[in-house]
Every structure is written in C-alpha cells, then in structure tokens.
Amino acid sequence: MILPGATLGLLGGGQLGRMFTVAARTMGYEVIVLDPDTDSPAGAFATKHLCAAYDDKAALLHLATECDAVTTEFENVPATSLEFIAQHIPVRPSASAIHIARDRILEKQAIRDFGLDTVDYYVIENDTDLENALEAISLPALLKTATMGYDGKGQKVVSNASELAPAFHQLGSISCILEKFIELSCEVSVVLARSICGHIETFAIAENKHADGILDVSIAPARVNQEITARAEKMARILAEKLDYCGVLAVEFFVDVNDRLMINEMAPRPHNTGHYTLDACLTDQFQQQVRTLCGFKPGKSDLTTPAVMVNILGDLWSEGTPAWDTLFKYPGAFLHLYGKKEPRPGRKMGHFTLVGDDLKKLVETAAMLKKALIQINNG
Ligand code: ADP
Ligand code: MG
C-alpha cells in the first residue's frame, strides 16, 4: 500500500495526466511528471515536472529513485522505459498490458484469444499482404496503422480495391490492419478500475458520438438496452481479468445494426469517454487511477446523475475566446479546461459536462450550449 505523502510518477503530461495529478495531489500525494513539453498541462499541477524525452536515462532514473510507483497517461511510451522503471518500483498498468494496448495487431489478437469479438480484420505487414487482405475483407474498409493512431489519425478509408496500395504507402508502408467498415448502430464504452488484488468497479456504460474521428459527445448511461449493457460490461471485465490488469482500463465497442457487440479498441488509462465521471460518479476515473496505482480497492463508481459530456476542441476559438459565461448560467454545467495555450483545430482544449434528470433534454441542451460557446464578433 502506498500512502498519502508518497510520490507518484506519471509518464505523459497532457490533460489526462493533469486530471490524474489533481486527483493525486488532492489525496495528499506528490506527483512527478515526465513530459518533453515545457507547457505540459499536468506539469502545471505537479510537484515537479521533468522536462525530458520519454527515453531520457537520467529522467527515468530520477523517477525510479524518487517515486513509489509510476503510471502513464498514454500508451505510446517506449516499452524499454516502462521496463526500466519496473525493475525498481511498481508500474501500473504493467508494461506488458500497455504493450498490447498500443498495438492494434496484438490488441485484436489478444481480444480474440480471450474469446471476445472484434471487427473482421486482416494484418498487412508489406505489399505482398495487400492482395490477401482484399480477399479476406470486403470493402468498404478502413486501413489503420498498428501503432501511434489516435483521434482518427493514421487511418484511411478504402472504398475500392485500387485504393488499398496507395493508402498503405501513404501511411508509410508500416504494419497496418485492414478493418471491415461497420454499419454502426452506436458506439459505447466501458471504463473500469481493477485493483492489484482483482477488485473491479465498472462505471456506467457511455454512448459515444464521434465527429471526424474525434470524440464529440459522451452520454451516460448509454441509451442501449439492458442486455447490451450487461454484455459490454461482462466483456470489459473478462478483458481486464485475462490481462491480469491493474489500473483504469477503457474498452471501446461498436454495436452494429444486428446488435453484434465488437470490441473496437482498449486504452490502458483513463479515457475521454470517462470524463463524465468527474461530475457524475461517486469516484471519478482519475481517483480510481490513484487508488489502484497505490494498491487500494477502487472506490464506489455509482452514477449519481445522468450526464452528457461535450469535448471542447480548438475549433471553438474560430470567432475568438468561447463565451464561457453562457455555460456558467447553467447550474448543471461543469467546465474543465486543460490549460493549453494554443487552440488549434482538432486539439482537445477542454470539455464540459451537463447533468440532470432528463437525458433527452440534456443531449439537446448540450448541443445548443456547444453552439452558443462560439462567440460571434459583431465588431
Ligand atoms: P482512434 O485510435 O483514433 O480512436 P478508432 O479505431 O477508435 O481509432 O477509430 C475512431 C473512430 O472511427 C471510431 O470511434 C469510429 O467512430 C470510427 N471507426 C473506426 N473504425 C471503424 C470501423 N471499422 N467501422 C466503422 N467506423 C469505424
Ligand atoms: Mg478509438
């Protein structure tokens, strides 16, 4: 058990790291963040910010000697860095779980090995695989790089056979998967926390809407039937157990028009679709990350109110600073900004959560508020 007063290390200092850091410091822990960005959103709240690369030997040694345990806010940390730290102190989730989650090929194979369903896919390592892929997967399909993809990046739509080879080359001829394009009924996700002793708490299943490959809105609880909810929760639990996972795990699902439930991908950390837990659950996903990292059971994860979370992207600055006062007029609206200076299009700058009893009304109000945030300069 790692008690308050101890020091926790964090690899990556973006918004997920920032919310972890706030949770940890609130509970009395010190936090050392490793992130090469001088303007790291998490660094601003950390006890110390090591501004260095993720494979910087001196920085890793500093973490290994000064911290009592280390976690990560993203999966693209070099495996060797995690393994190095793990020789000295606990790394949770484990380097091996992160290794699987960061690679679509390993991830999908593991999911299938555990008896769980995924989208139909075919692995493409080089040009000779292209033809076989077209035989295996009917078009339209999506070509995705095995690693480093996020927010829809590293993906190309393949509508006819002649597009596959150019798409593969455009993605750099690196390991990819060709994935059948699913006619989606909806997308849902389950975020859970699992302790080192195997205690699991799952958060209410979220229904997720994406725009241009980036999460736009999460609705909790998801408006799907009880049977799908139960099945998704069970699949997420099986995944966590089979991986002997410790920490917060997010599992994204596709639901097709025949109610087939497929795991799309997993994230070995708190997740954008779990941000609603900050304002609508007894324990939020970042508190769960602290608790499980420190060897404790996850806290009770009950949903206290229906909630809708809306991402605030840099695009909302198109007409100037968003009209934050609009949001504060709603007592059930909660604003979270990540302290990023440059509002680039597609960049996640913050989110807001709207809570209330009537989910249908929340969804409508959330959409209205998002529009109202864009300031129209009359001058
Ligand atoms: P990322 O790592 O960028 O989140 P995903 O594989 O989750 O990548 O894809 C992002 C979004 O693109 C998904 O949430 C979904 O809306 C859409 N998408 C991805 N793969 C498929 C697919 N096979 N069929 C239909 N939609 C898809
Ligand atoms: Mg995704």
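Our subject is the structure that appears above.
What you see is a predicted model, and the numbers here were worked out from it, not measured in a lab.

Moving on: the environment of Ile111. Here Ile111 is to be found in helix H5 (residues 104–113). A relative accessible area of 0% means that Ile111 is categorised as buried. A C-alpha to C-alpha distance of 9.7 Å links Ile111 and Met266, two positions 155 residues apart in sequence. Excluding residues that lie within four positions of it along the chain, Ile111 makes contacts with Leu116, Asp117, Thr118, Leu239 and Ile263.

Now for the pattern of salt bridges. Going through the model one piece at a time under the given rule, you end up with 18 salt bridges. Salt-bridge contacts for Arg260 lead to Asp117; the nearest nitrogen and oxygen are separated by 2.8 Å. Of this pair, Arg260 sits in the loop between strand E13 (247–256) and strand E14 (261–267) while Asp117 sits in the loop between H5 and strand E5 (121–124), and the two are 143 residues apart along the sequence. The exposure class assigned to Arg260 is partly exposed, which follows from its relative accessible area of 30%. Linking Lys209 and Glu207 is a salt bridge whose minimum nitrogen-to-oxygen distance equals 3.6 Å. Relative accessible area serves as the criterion here: at 5%, Glu207 is assigned to the buried category. The network of salt bridges with shared partners includes Arg112, Asp117, Asp120 and Arg260.

On to the site of ligand 1. Close to ligand 1 lie 19 residues; Lys144, Gly152, Lys180, Glu187 and Asn264 are nearest. Residue Glu265 places a side-chain N or O atom 2.8 Å away from an oxygen atom belonging to ligand 1. Computed on the free molecule, ligand 1 has an accessible area of 540 Å², of which 90% lies beneath the protein chains in the complex. Looking at the shell around ligand 1, the elements with two or more residues in it are strand E6 (141–145), strand E8 (176–180), strand E9 (184–194), E13 and E14. Of the residues in the shell around ligand 1, the class split is 6 nonpolar, 5 polar and 8 charged.

With that out of the way, let us pick up the coordination of the magnesium ion (ligand 2). Bound to the magnesium ion (ligand 2) on the protein side are Glu252 (OE), Glu252 (OE) and Glu265 (OE), at distances that span 1.9 to 2.8 Å. Here Glu252, found in strand E13, pairs with Glu265, found in strand E14; they are 13 residues apart in sequence, far enough to count as distant. Residue classification places Glu265 among the partly exposed residues on the basis of a relative accessible area of 21%.

Attention now goes to the nonpolar core. Counting 27 residues, the largest nonpolar core has Val188, Leu239, Leu249, Val251, Phe253, Leu261 and Ile263 as its most contacted members. Counting residues per element, the ones that place at least two in this core are helix H4 (95–101), E9, helix H8 (226–242), E13 and E14. With 6 residues, the single largest contributor to this core is H8. Here Phe253 is in contact with Cys186, Glu187, Val188, Ser189, Val190, Ala232, Met235, Ala236, Leu261, Met262, Ile263 and Asn264, once residues within four sequence places are set aside. If you look at the next biggest cluster of nonpolar residues, it comprises 20 residues, including Leu16, Ala23, Ala42 and Val290.

A word on the sheet that holds strand E2 (residues 30–34). Reading across the sheet, the 4 strands line up as E3-E2-E1-E4 and stay open at both edges, with parallel pairing between neighbours. Of all the strands in the sheet, the pair left with one neighbour each is strand E3 (48–50) and strand E4 (69–72). Taking each pair of neighbouring strands and ignoring which way they run, the sheet shows an average axis angle of 25 degrees. Of the strands in this sheet, strand E1 (7–11), E2 and E4 touch helix H1 (residues 15–26), which is tilted by about 160 degrees from E2. Helix-sheet contacts for helix H2 (residues 57–66) involve E1, E2 and E3, and the interaxial angle to E2 is about 165 degrees.

So, on to the packing of H2 against helix H3 (residues 79–86). With their axes 9 Å apart at the nearest point, H2 and H3 run at an angle of 35 degrees to one another. Judged by the twist between their axes, the crossing of H2 over H3 is right-handed. Here H2 contributes Leu60, Leu61, Leu63 and Ala64 to the contact with H3, which in turn contributes Ser81, Phe84 and Ile85. The residue makeup of the contact of H2 with H3, split by class, is 6 nonpolar, 1 polar and no charged.

If you walk across this open sheet you meet the 4 strands as E5-E8-E6-E7, and the pairing is antiparallel. In this open sheet, the two edge strands, each paired with only one partner strand, are E5 and strand E7 (155–158). Geometrically, the sheet is characterised by an average inter-axis angle of 20 degrees between neighbouring strands, direction not taken into account. Note: E5 against E8, 4 bridges, orientation antiparallel. What sits directly across from Val123, in E8, is Ile177. With respect to the sheet, H5 is in contact with E5, E6, E7 and E8, its orientation differing from that of E8 by roughly 55 degrees. Seen against the sheet, helix H6 (residues 129–136) touches E5 and E8 and runs at an angle of roughly 180 degrees to E5.

What counts, and at which threshold
Residues numbered from 1 in each chain as written. Chains lettered and ligands numbered in written order. Predicted model: local features only at pLDDT ≥ 70, side-chain atom pairs only at ≥ 80, totals over all residues. Heavy atoms only, no water. Helix = DSSP H or I, 4+ residues; strand = E, 2+ residues; numbered from the N terminus. Buried < 20%, exposed > 50% of the residue type's maximum accessible area, 1.4 Å probe, protein only. Contact = heavy atoms within 4.5 Å. Salt bridge = Lys/Arg side-chain N within 4 Å of Asp/Glu carboxyl O. Near = heavy atom within 4 Å. Polar contact = N/O pair within 3.5 Å; in protein donor to acceptor, adjacent residues only side chain to side chain. Areas by Shrake-Rupley, 256 points an atom, 1.4 Å probe, with all protein chains shown as cover. Nonpolar A, V, L, I, M, F, W, Y, C, P; charged D, E, K, R; others polar. Donors = N, O, S within 2.8 Å, 3.2 Å for Na, K, Ca; no water. Core = buried A, V, L, I, M, F, W, Y, C linked by side-chain atoms within 4.5 Å. Pairing = 2+ DSSP bridges. Axes fitted to C-alpha atoms, helices over the stretch in contact; angles between N-to-C directions. Left-handed = near helix turned anticlockwise from the far one by under 90°.

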